[in-house]
Amino acid sequence: MRYRRLLLDLRHAGGDPETLGAVLGLARLLDLDPHGIFVEDEDVLCLAGLPFARELCLPMGAWRSLDRSRLADELAALAEQSRRTLERASAVLGRPAQFIRLRGDPSALLAEQAGEADIIALAAAQAPLGLADASLRRVEDAVLGIGRTVLMLPPRLVRTRGPVAAVISDAGAAESELAARVAVASGETLMLLSAADERQTAEAVAAAQTAGVAAARILVRALAAPTTEAILSGLAGAGERLLVLPHARIGRRLSPLAAARGVPVLAIATRP
């Protein structure tokens, strides 16, 4: 699969220039057209119509009713701020990004925007089990549920240099092929975390060399199983910049893995 676009959900990642730079840098390495999407959550606006909905006004130190027009203005201001940040980050890398502003259900709209040749980038929430995390869960389930590939960004980006790591469980997997492309484009080492047998691992190494990765820049570590726990153990001391893996191997949550490693996790989804 040759991907065509990278779609970034700006609601949680749009205010962090470093994260934006890393995402746009990956888009450049993979020759993807970057698009920033800001979805104004219709459910937030609907809260203003509920009689019990209140917000704390800090300057006044008092609770007040939610005002729909004020909420709409605040969302519009956030969208504009995200657009400007995206434009600045894309200008630095010389990779112009398109900005898309939508209103409705973020889960449905982001899934609708993502085609089979797209990678959709989501940012893990700073606080697990909070409202932002619940929103992320819905979007993640919706996008992966229709067989789309997801780039999960960590709450805090730890590093942007280092090996490109890929989990492989069989030969010729899309994960190792894409990781090899990034390694070649970035001049980094390719680290294969293999839960495959010896023959399949050798075939994956040969495929990486065919893709242009020098044999001396290919490292192989064995995995007992392609589980989250085994992957974290296999990455000990790796200092990777990116982890590529088949989503079906680790369950439905990518954000804990991205948060634990502090780097983006690119999960190649199985087509339904």
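Residues numbered from 1 in each chain as written. Predicted model: local features only at pLDDT ≥ 70, side-chain atom pairs only at ≥ 80, totals over all residues. Heavy atoms only, no water.

A. Molecular detail of helix H2 (residues 17-29). In this model, H2 (13 residues) spans 18 Å end to end at C-alpha, consistent with the 18 Å of a helix rising 1.5 Å per residue. After H2 finishes, the residue aspartate 31 shows a positive phi value of roughly 55°. (Helix = DSSP H or I, 4+ residues; strand = E, 2+ residues; numbered from the N terminus. Expected span 1.5 Å × (residues − 1).)

B. Molecular detail of empty space enclosed by the protein. Following the criterion strictly, the structure yields 1 cavity of 30 Å³ or more and no others. For the largest cavity, the calculated volume is near 40 Å³. Lining the largest cavity, in full, are Leu6, Leu8, Leu20, Val23, Leu24, Pro34, His35, Gly36, Leu86 and Ala97. For the lining of the largest cavity, the secondary-structure elements that each account for two or more residues are strand E1 (5-9), H2 and strand E2 (33-41). (1 Å grid on protein atoms, 1.4 Å probe; cavity = no way out; pocket = protein on both sides within 12 Å on 5 of 7 lines; lining within 4 Å. Points joined across faces, edges and corners; volume = space filled by probe spheres on them.)

C. Quick look at helix H8 (residues 198-210). Between its first and last C-alpha, H8 extends 18 Å over 13 residues, near the 18 Å set by a 1.5 Å rise per residue. Residues of H8 that are buried include every one of Gln200, Thr201, Ala204, Val205 and Ala208, and no others. Buried residues of H8, viewed axially, fall in a sector of 140°; they line one side. Along H8, the residues that are exposed and aim more than 90 degrees away from the buried face are Glu198, Arg199 and Thr210. Summarising the contacts, the buried residues of H8 are in contact with strand E8 (164-168), helix H7 (174-186), strand E9 (190-194) and strand E10 (218-222). (Buried < 20%, exposed > 50% of the residue type's maximum accessible area, 1.4 Å probe, protein only. Arc of directions from axis to C-beta. Contact = heavy atoms within 4.5 Å.)

D. Representation of the pattern of salt bridges. Following the criterion strictly, the structure yields 13 salt bridges and no others. A salt bridge links arginine 101 to glutamate 40, with the shortest nitrogen-to-oxygen separation between them at 2.5 Å. One end of the pair, arginine 101, is in strand E5 (residues 98-104); the other, glutamate 40, is in strand E2, with 61 residues separating them in the sequence. You can call arginine 101 partly exposed: its relative accessible area is 45%. Glutamate 40 gets classed as buried once you look at its relative accessible area, which sits at 2%. For arginine 159, the salt bridge goes to glutamate 240, with nearest N and O atoms at 3.4 Å. Of this pair, arginine 159 sits in the loop between strand E7 (149-153) and E8 while glutamate 240 sits in the loop between helix H9 (228-234) and strand E11 (242-246), placing them 81 residues apart in sequence. (Salt bridge = Lys/Arg side-chain N within 4 Å of Asp/Glu carboxyl O.)

E. Spatial organisation of the environment of serine 194. Structurally, serine 194 is set in strand E9. A relative accessible area of 5% means that serine 194 is categorised as buried. With 28 residues separating them in the primary sequence, serine 194 and alanine 166 have C-alpha atoms 8.3 Å apart. Here alanine 196 takes part through its backbone nitrogen, which lies 3.1 Å from a polar atom of the side chain of serine 194. (Polar contact = N/O pair within 3.5 Å; in protein donor to acceptor, adjacent residues only side chain to side chain.)

F. Summary view of the packing of H2 against helix H4 (residues 68-93). Where H2 contacts H4, the axes come no closer than 9 Å and their chain directions differ by 50°. The angle between H2 and H4 falls in the class oblique. For the pair H2 and H4, the crossing hand works out as right-handed. Residues Pro17, Leu20, Gly21, Leu24, Gly25 and Arg28 of H2 touch H4, and the partners they reach there are Thr85, Leu86, Ala89, Ser90 and Leu93. The residue inventory of the contact of H2 with H4, partitioned by class, reads 6 nonpolar, 4 polar and 1 charged. (Axes fitted to C-alpha atoms, helices over the stretch in contact; angles between N-to-C directions. Parallel < 35°, antiparallel > 145°, perpendicular 65-115°, else oblique. Left-handed = near helix turned anticlockwise from the far one by under 90°. Nonpolar A, V, L, I, M, F, W, Y, C, P; charged D, E, K, R; others polar.)

G. Looking closely at the sheet that holds E8. Taken together, 10 strands build an open sheet; the order of strands is E5-E2-E1-E6-E7-E12-E11-E8-E9-E10 and the sheet is mixed. Bordering the open sheet on either side are E5 and E10, each of which pairs with just one other strand. Taking the axes of each pair of neighbouring strands and ignoring which way they run, one obtains an average angle of 20° across the sheet. Across the sheet, H4 lies against E2 and E5, angled at about 170° from E2, the strand it touches most. (Pairing = 2+ DSSP bridges.)

H. How the structure looks around the layout of surface pockets. Its volume calculated, the second largest pocket comes out at about 340 Å³. Along the walls of the second largest pocket sit 21 residues, with Gly21, Ala22, Gly25, Leu26 and Arg241 positioned nearest its centre. Every element with two or more residues in the lining of the second largest pocket is listed here: H2, H4, E7 and H7. No other element matches H2, which puts 7 residues into the lining of the second largest pocket.

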